[in-house]
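Chain residues, written in single-letter form:
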Amino acid sequence: MKTKIYFAIFAVMMILGCDSKPENAKVVDAFPRIYPDYIGVTIPAGIAPLNFNVNCDEYSALFVSVKGSKGGELFSDGEWANFNIKKWHELTQQNKGGKLTVTVSVRKDDGWIEYKPFDIFVSNDELGEWGLTYRRIPPGYETYGKLGIYQRDLSNFNETPILENTMAPGACLNCHVSNKTNPDNFTFHVRGANGATLIQRNGKFELLKARNDSINGSMVYPYWHPSGKYVAYSTNMTHQSFHAVANERLEVFDQSSDVLVYDVERHEIILDTLVATKSHFENYPVFSPDGKTLYFCSSDYKEIPSEYKDIKYNICKVGFDPDKGKFVGTVDTIFNARQMGKSANHPRPSYDGRFLLFTMSDYGCFPIWHNEADQWLLNLKDGNARKLDEVNSGNSDSYHNWSVNSKWIVFTSRRGNGYYTNLYLAHVNADGTMGKPFLLPQLNPWAYYDGLLTSFNIPDFTQEKVVMDAKSVANAILSDKRVETKVR
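What you see is a predicted model, and the numbers here were worked out from it, not measured in a lab.

Cut-off values and rules
- Residues numbered from 1 in each chain as written.
- Predicted model: local features only at pLDDT ≥ 70, side-chain atom pairs only at ≥ 80, totals over all residues.
- Heavy atoms only, no water.
- Pairing = 2+ DSSP bridges.
- Helix = DSSP H or I, 4+ residues; strand = E, 2+ residues; numbered from the N terminus.
- Axes fitted to C-alpha atoms, helices over the stretch in contact; angles between N-to-C directions.
- Buried < 20%, exposed > 50% of the residue type's maximum accessible area, 1.4 Å probe, protein only.
- Contact = heavy atoms within 4.5 Å.
- Arc of directions from axis to C-beta.
- Polar contact = N/O pair within 3.5 Å; in protein donor to acceptor, adjacent residues only side chain to side chain.

A. Region of the structure containing the sheet that holds strand β10 (residues 131-137). Pairing is antiparallel in the open sheet, where four strands are placed in the order β12-β11-β10-β33. The two strands at the open ends of the sheet, each matched to only one other strand, are β12 (159-164) and β33 (455-462). Across the sheet, the mean angle from the axis of one strand to that of its neighbour is 25°, orientation sign disregarded. Here strand β11 (residues 148-153) runs beside β12; their pairing, made up of five bridges, is antiparallel. Residue G148 lies in a different strand from β12, and its bridge partner there is E164.

B. Just the sheet that holds strand β23 (residues 314-321), in detail. Spatially, four strands are ordered β21-β22-β23-β24 in an open sheet, and the strand pairing comes out antiparallel. A strand with exactly one partner marks an edge of an open sheet, and here the two such strands are β21 (280-287) and β24 (326-335). Put simply, the sheet's adjacent strands are angled 30° from each other on average, direction ignored. Pairing geometry for β23 and β24, over six bridges, is antiparallel. Along β24, the bridge assignment pairs G319 with V328.

C. The side chain of T181, seen in detail. Position of T181 among the secondary structure elements: in the loop between β13 (172-179) and β14 (182-191). You can call T181 buried: its relative accessible area is 0%. Aside from chain neighbours lying at most four places away, what touches T181 is E129, Y351, W402, V404, D460, F461, T462 and Q463.

D. Region of the structure containing helix α4 (residues 470-478). The complete set of buried residues in α4 reads A470, V473, A474, A476 and I477. One face of α4 carries all of its buried residues, which in axial projection span an arc of 160°. Each element contacted by the buried residues of α4 is listed here: β12, β13, β14, β15 (196-201) and β16 (204-209).

E. Spatial organisation of helix α2 (residues 85-94). Looking at α2, one finds that the buried residues are W88, H89, L91 and T92. In a view along the axis of α2, the buried residues occupy a sector of 165°, so they form one face of it. Where α2 is buried, its residues touch β3 (42-44), β5 (61-68), β6 (73-77), β7 (99-108) and β9 (118-123). The backbone nitrogen of K86 has a side-chain oxygen 3.1 Å away, supplied by the residue at the start of α2, namely N84.

F. Looking closely at the pairing of strand β25 (residues 343-349). Summarising burial for β25: seven of the seven residues are buried, a large majority. Where β25 lies against strand β26 (residues 355-361), five bridges are found, and the strand directions are antiparallel. Looking at the pairing, N345 lines up with T359 of β26. Turn length for the β25-β26 hairpin, with the two strands adjacent in sequence and antiparallel, is five residues, and the turn residue G353 shows positive phi of about 80°.

G. Local environment of the side chain of H189. Along the chain, H189 turns up in strand β14. According to the relative accessible area criterion, H189 is buried, its value standing at 2%. Reaching out from H189, the side chain makes a polar contact with the backbone oxygen of A196 at a distance of 3.1 Å. In terms of polar contacts, H189 uses its side chain to reach the backbone carbonyl oxygen of M219, at 3.4 Å. When sequence neighbours within four positions are dropped, the list of residues in contact with H189 reads C172, L173, N174, C175, A196, T197, A210, S218, M219 and V220.

H. Summary view of the environment of V264. Here V264 lies in the loop between β19 (250-263) and β20 (268-270). In this structure V264 comes out as buried when scored by relative accessible area, which is 3%. Note: C-alpha distance between V264 and T485 (221 residues apart in sequence) is 9.9 Å. Apart from the residues within four sequence positions on either side, V264 is in contact with I199, R201, E206, W224, G228, K229, Y230 and V231.

Below, the structure is given as C-alpha cells:
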C-alpha cells in the first residue's frame, strides 16, 4: 500500500523530527481506525507504551499527540504510533487518576486530516507486578513443535524464555504457576517420554515422577497453597478428538480426573474420597487466599466419548486444614452451572477474597476451543454470579488470572482472528465491574501479531522475573532421575 514516496517522506521526518501539530488539518467527526483498539481502555501507570497502527486509506505521513489531563504531552510520527518508553512512563505516572487524550492526524494527497480524539484512562490502581508469564504454542496437536514458557516485562516489550522444549526435545511444557504471582515457588508439568512435574522453591528444583500407581494420571493444573507447603493438582487421563464441523475444530476431554494435594516437604500425595470419586470428574483445584478452602470443578461421570457433550461442571468447595494437611467438612456446590445447561471451569479466586473468576461454556472442561466460552464473575460474599459482558467477545474468552492486588486480570481470547489466542488485560473496579480489555502491547502491533504463528495460553502475572537455570532443568528432564512420591 505504501509507495516509495511514502517511505522517503518518513525517512525525512525521522531525520528532521516533527514536534508541532500539523497545520490546516481537516477535522473529521470520526475516531481513527487503529490496531489494536485502545480507544477508551483503562491502563496502569508504567505499562509499556500503547503503540498502534492506523488502518485507513493510503497516507504519506502520520502524526499522533497524547495530552495528559493533569499535564504533559507526548508526540509520535512515523509509520505507526511508536512512543518513547521513558516519556510514556513519565506521562502515565503524571496522569494517574486522569486520562490521556490521543489525537491522530494523517497526511493524504489533499492535505492533513485530523480524527476525533479518543481517551485512554490511567488508573490510580497500581499494577503491582513486574510482568507476565505464559506459554506460546504452535497449532500442533499430536506432535509438539517449538513451544516454551516465556516471561514478558510489562514496562517494555522485552520477552525472554523461561524454558523452551528445543532444550529438551519431545517435551511438552505446560500448566505452570507461581504462588500468588511470586515465582519463588514455581511449578509446571512436562508431558512426553520424559514426563515429570517440576517443583522449584527459592531457586532449587526437583523433578517428581510423572505418575504414581495410586492415581489415574499425571499431576497437572496446579495451584499453590499460600503457605508454599502444598500444591493442589488434578490428575487426568486426557484425550482429544477432532470435529467434522468447520467451526468446531478440536475437543479435549478427560476419561477420568480427580483432585489431590501434594505435600512439597514430605513428597506425599494427599488423597481423599471427598475430591476423588468414581461417580464424578473432579478438576481444576485452587486454594482460597487464606488457604482454608479448596475450590474445584465437578461433573457427573459420563461415558467417553459417547456422552462428552453431557459433561457439565459445577464449581464446588471443601475445607482444608493446612496444619494437619487434610480435607475437612463436606463438599458444597457454590455455583450450579449444570442447572443452567452449562459447564463452569478454570475457577480463580481474587487474592483479596472477594470474587471468583471462571469460564462458562456449553459443556466439557476445555473451553479454549469453544466459541461460546465467556468470562463470568462470582461474588464470594453474596453468591451472585454474572456474565462479564464488558470483557467478553463473540469468540472464545477463556483462561485467566488475577494480579496480586486483585485490581487487574489477564485472560486469553480468540477475538483477534478466531484462530490464535492472544492476551488481554482489564482493570477491575471496586464494585467488580471491569474496564474495556486491551491487547498486550507490542512495539509494532501489526508486524508482531500478523507474523505470530503461536497461541498464548496459561497466562499469569509475576511480581518479579522468574529465575531458572534452563540448561540444568532441561538436562534433568532428559535424564531418568525423578523423585518418587508416596500416598498419605
